[in-house]
Amino acid sequence: MVEDWISNAYSGMSQRQIQSWRSLGGVNLAGFARASKSVAGEVITTTTEGLITTDGSVLSESFKVPIYEA
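Residues numbered from 1 in each chain as written. Predicted model: local features only at pLDDT ≥ 70, side-chain atom pairs only at ≥ 80, totals over all residues. Heavy atoms only, no water.

A. How the structure looks around unusual backbone geometry. A positive phi angle is found at Glu61, which is not glycine, with a value near 55°. Along the polypeptide, Glu61 turns up in the loop between strand 1 (54-60) and strand 2 (63-69). Under the relative-accessibility criterion, Glu61 is labelled exposed at 79%. (Helix = DSSP H or I, 4+ residues; strand = E, 2+ residues; numbered from the N terminus. Buried < 20%, exposed > 50% of the residue type's maximum accessible area, 1.4 Å probe, protein only.)

Written out as structure tokens, the structure is:
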């Protein structure tokens, strides 16, 4: 099924056009990676003043996952 899609996806296109589409996809992926990196690197901290907080854990299959509730 995947092979059929791949063989038909570029039908009627020259090698230059296929390479152009692949390059465009790579540029888009690189732009997304660069844009998402700056957002993921920011850590926001707030005070717990006025909040009720609790540390705990939940069981996920046979592994305890630490949780923090506020």
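Picking up after the structure, the text goes on.
B. Seen up close, the pairing of strand 1. In this sheet, strand 2 lies alongside strand 1 in antiparallel orientation, the contact comprising 7 bridges. The residue of strand 2 that forms the bridge with Ser57 is Pro66. Hairpin remark: strand 1 followed by strand 2, antiparallel, with 2 residues in the connecting loop; positive phi at Glu61, about 55°. (Pairing = 2+ DSSP bridges.)

C. Focus on the environment of Ala70. Tracing the sequence through the fold places Ala70 in the segment after strand 2. The spacing of Ala70 and Gly50 is 20 residues in sequence and 10.0 Å in space, taken between C-alpha atoms. Among residues more than four places away in sequence, those in contact with Ala70 are Leu51, Ile52 and Thr53. (Contact = heavy atoms within 4.5 Å.)

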